[in-house]
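# Working through the structure, step by step
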Amino acid sequence: MTALKVLVVEDSPTMRQLIVFALKRIRNFQIVEANDGVDGLKKLNAEKFDLILTDINMPIMDGLKLVSMVRNDPNYSNVPIVIITTEGAAEDRDRALALGANAYITKPIQTTQILDTVRSLLKF
Amino acid sequence: MLANLYIASFQLHSTLDFKEVLQIILEININLIGAEEFGILLLDEKTNRLEPVACEGLELGQLPSVGVGQGIIGEAVKSGENYFIATMDGYQRDVLAPMVCVPLKIKEHVIGVIVIYKLLVQKEQFTSVDHELFSLLAGHAATAIFSSRLYSESERKLSTIQGFIDLLTK
């Protein structure tokens, strides 16, 4: 079974570690980490990913800008994108989904929320 | 829940740099507890006052300097017990009367306190996971802060001694 490649874009090392810890429990994911939107874009251009998880509030390039740019790339028009963020207002969620995110999880999170969302999006 | 506790503990003990330890404590409060406005005050043993050293969602200058035993914050530090406001309904930020105080302690020796003034909009109340995280922070954050300060002090002394040795051996 080919490992699925997942990109985690998050500027907080603590949060990044929690997400990676959760993802490693599901199956044989190949996980790549990025510190911000620009770092994330570099990695997306360097290799193909099957799933993207991103924060919104990050330095240099925020997650919404990243989502917008990813969705404008024909290579990534259908790749599931999960937002994991502190922004809890309904309008923030609506904006992210309108830009093309598939799921929106607000912090603080439990690993089970990440697992359930990823399983649902990747259909296993 | 266990994952959150594990990651928090792992991160706190992953570095001996004082500023990095403070940053990790801030990240734990934001990402794992859901605090939006909060601060860290550390005890100055010479003055017996708690002085702000880091914060999120407000300016460091807005946080108070508090004597041990004074007000809600000082009392929590004196008792070593977590303080939770009776009800969060209608709470407006009062820097001397936070919603939550978590004394940072090594055994029974309190070295500082985390004070929380506001939660993220989607965080309606504290859960059992939060109480576990507060217990973890109380001990592990205190140890991490203490170790990092000790390490930087010993590095400074080592640097001074090395300087003298270099001077004497020239």
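Residues numbered from 1 in each chain as written. Chains lettered and ligands numbered in written order. Predicted model: local features only at pLDDT ≥ 70, side-chain atom pairs only at ≥ 80, totals over all residues. Heavy atoms only, no water.

This next bit is on the packing of helix 1 (residues 2-12) of chain B against helix 2 (residues 18-33) of chain B. All names here are of chain B. For the pair helix 1 and helix 2, the least separation of the axes is 9 Å and the interaxial angle reads 165°. In terms of orientation, helix 1 lies roughly antiparallel with respect to helix 2. With respect to the hand of their crossing, helix 1 and helix 2 are arranged in right-handed fashion. Between helix 1, through Asn-4, Ala-8, Gln-11 and Leu-12, and helix 2, the contact on the second element is made entirely by Val-21, Ile-24, Ile-25, Ile-28 and Leu-32. (Axes fitted to C-alpha atoms, helices over the stretch in contact; angles between N-to-C directions. Helix = DSSP H or I, 4+ residues; strand = E, 2+ residues; numbered from the N terminus. Parallel < 35°, antiparallel > 145°, perpendicular 65-115°, else oblique. Left-handed = near helix turned anticlockwise from the far one by under 90°. Contact = heavy atoms within 4.5 Å.)

A separate point is the interface of chain A and chain B. Contact residues are listed per partner, giving 18 residues for chain A and 20 residues for chain B. Between chain A and chain B, a total of about 1,500 Å² is buried, with carbon and sulfur atoms accounting for 59% of that surface. Among the residues of chain A in contact with chain B, Thr-14, Gln-17 and Pro-108 of chain A are the three that bury the most area, contributing 37% of the side total. One can count 0 salt bridges joining chain A with chain B. Taken together, the links from chain A to chain B amount to 9 residue pairs in polar contact (both at pLDDT 80 or more). (Buried area = accessible area lost by both parts, 1.4 Å probe. Salt bridge = Lys/Arg side-chain N within 4 Å of Asp/Glu carboxyl O. Polar contact = N/O pair within 3.5 Å; in protein donor to acceptor, adjacent residues only side chain to side chain.)

Our focus in this paragraph is the side chain of Asp-92 of chain A. All names here are of chain A. Of note, Asp-92 is situated in helix 4 (residues 90-99). Asp-92 gets classed as buried once you look at its relative accessible area, which sits at 14%. Apart from residues lying up to four places away in sequence, Asp-92 is in contact with Glu-87 and Tyr-104. (Buried < 20%, exposed > 50% of the residue type's maximum accessible area, 1.4 Å probe, protein only.)

Turning next to the confidence of the model for chain B. Confidence in the prediction of chain B, expressed as mean pLDDT, is 93, and 100% of residues score 70 or more. Prediction confidence for the complex, expressed as pTM and ipTM, is 0.91 and 0.89 respectively. (pLDDT = per-residue confidence, 0-100.)

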